[in-house]
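Letter by letter, the chains look like this.
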Amino acid sequence: MWEGKREHPRLILHNFITPEECKELEFIHRSCSTVGYRPNVFSTTLSHLIATNSPHLLIPFVSIRERLKEKMEETFGCEYELFIEFTGLISWCRGASIGWHSDDNRQYLKQRDFSAVCYLNSYGKDFKGGLFRFQSGEPATIAPSAGDVIMYTADDRNIHSVDEVTDGERLTLAMWFTRDSSHDEDSNLISRLSQCASPEFPLPLPASANMYWFCPHQHANLNTGFDICVARLHLLGFDVHSLQEEDRSLDASEQLMGLVQLAKGGELLARKFTNVLHALQVVQFCHWKASELKTSKVEYEEEVKAMSQPQLETINALNAVFLPDKGLVTTTFGYLYSNGEEKDSLNLTNVSSAIASWEEYTCKLLKELLSSLPQWETYQTIHKVESG
């Protein structure tokens, strides 16, 4: 529905993004996000996916970005004029908020002409608080469901705010559009992809440790926060066992950069993961696809072993560094995890059986990326390339 055509140009669309698209982007964010640009906010940018050796994860964004750009141009009467300036997954957790502002309210943001906020989960079900409010015009308040999109001009005709999130994790896909081709995100991303895209199987490579360290007061003190990769595994009931513990030359943060294993309920999965980001991506994929994945207990149970006392001590030592306050993890990410249901939803056998499916999914996306890249380079736009 088209609202406030002259005074407050904006459009509210319901069910614009499909439930499956929402879940896939949620998987990407919970696998790859870093500490964000504001307190209690986490973000996943497309350039970050490339930098952490997960360029194939751009593919799920391609069709959504195209549809949003076409709808934006159609709605505001600027066909073939717009470039995508920024694309990112942004989640707001307990305590996150922002006051009245327009999206072009800084000199370095003046290139922004239009904004789109795409909701990937639902108010009341997945988060509380966090309502989007316009200062003037109708609708004044947005209580979204997953798949809804708000489009509006980025100038002072659409000054808005976001209430403080009081529980859960409010997840959105945020996009800004510009008429200024010098701020075109696509050309920058294509340049990066051209330098790094490889036919080799892409195992995720973590960024620097401080990008994953969450502090409630934004002070990088190891005693007042947690590592968000270890925390997201903890929320699903998993602990991390590092295989680097015998190397005394490594500092604590490097323990997660090398080989790790997953543990749960006194048991250890024999399978080794390249680093904590690799383990997290497989677990989040398993969580996303749980209803579709078939687990043969007999086939995979031999990969699950009882933990030894030294292994348990290694896990406890890691948790003391990376999860010094487990209660803070639950209060930050919210009520969905407070009753323990999420922790009980997966076991090590589920994860072991999901690895082949995760690898197949990754290969499928990589193949599409590599086949699309020549056309992207030719036209300098990221777009859906039809196979064959």
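Residues numbered from 1 in each chain as written. Predicted model: local features only at pLDDT ≥ 70, side-chain atom pairs only at ≥ 80, totals over all residues. Heavy atoms only, no water.

Looking at an unreviewed UniProt entry, one finds the protein named procollagen-proline 3-dioxygenase and attributed to Brassica carinata.

(A) Representation of the UniProt feature "domain: Fe2OG dioxygenase" (unreviewed entry) in the protein. With numbering aligned to this structure, UniProt lists the feature "domain: Fe2OG dioxygenase" (unreviewed entry) at residues 71-179. Annotated as residues 71-179, this span is 6% helix and 45% strand, and its ends, taken at the C-alpha atoms, are 15 Å apart. (UniProt positions renumbered as here; feature names shortened; annotations may be inferred. Helix = DSSP H or I, 4+ residues; strand = E, 2+ residues; numbered from the N terminus.)

(B) Quick look at the domain arrangement of the protein. With domains assigned, the protein is organised as domain 1 (10-197) and domain 2 (222-366). Facing 28 residues of domain 1, the contacting portion of domain 2 comprises 20 residues. Here domain 1 packs against domain 2, burying approximately 2100 Å² in sum over the two surfaces, 58% of which is carbon and sulfur. When residues of domain 1 are sorted by the area they lose upon contact with domain 2, Phe27, Arg30 and His56 head the list and together hold 32% of the total. Across the contact surface, domain 1 and domain 2 share two salt bridges. At the junction of domain 1 and domain 2, the tally comes to three residue pairs in polar contact (both at pLDDT 80 or more). Of all the secondary structure elements, the ones that give two or more residues to the side of domain 1 that touches domain 2 are α1 (19-32), β3 (34-35), α3 (59-76), β8 (127-129) and β13 (165-168). In terms of residue count, α1 provides more of the side of domain 1 that touches domain 2 than any other element does, eight residues in total. (Domains from an automatic or database assignment. Contact = heavy atoms within 4.5 Å. Buried area = accessible area lost by both parts, 1.4 Å probe. Salt bridge = Lys/Arg side-chain N within 4 Å of Asp/Glu carboxyl O. Polar contact = N/O pair within 3.5 Å; in protein donor to acceptor, adjacent residues only side chain to side chain.)

(C) View of the sheet that holds strand β12 (residues 160-162). The strand order across the open sheet formed by four strands is β6-β12-β9-β10, and the pairing between neighbours is antiparallel. Strands at the two margins of the open sheet, each flanked by one partner only, are β6 (98-101) and β10 (141-142). In this structure, strand β9 (residues 132-134) lies alongside β10, joined through two bridges in antiparallel fashion. In the sheet register, phenylalanine 132 faces β10, and the bridge partner there is isoleucine 142. (Pairing = 2+ DSSP bridges.)

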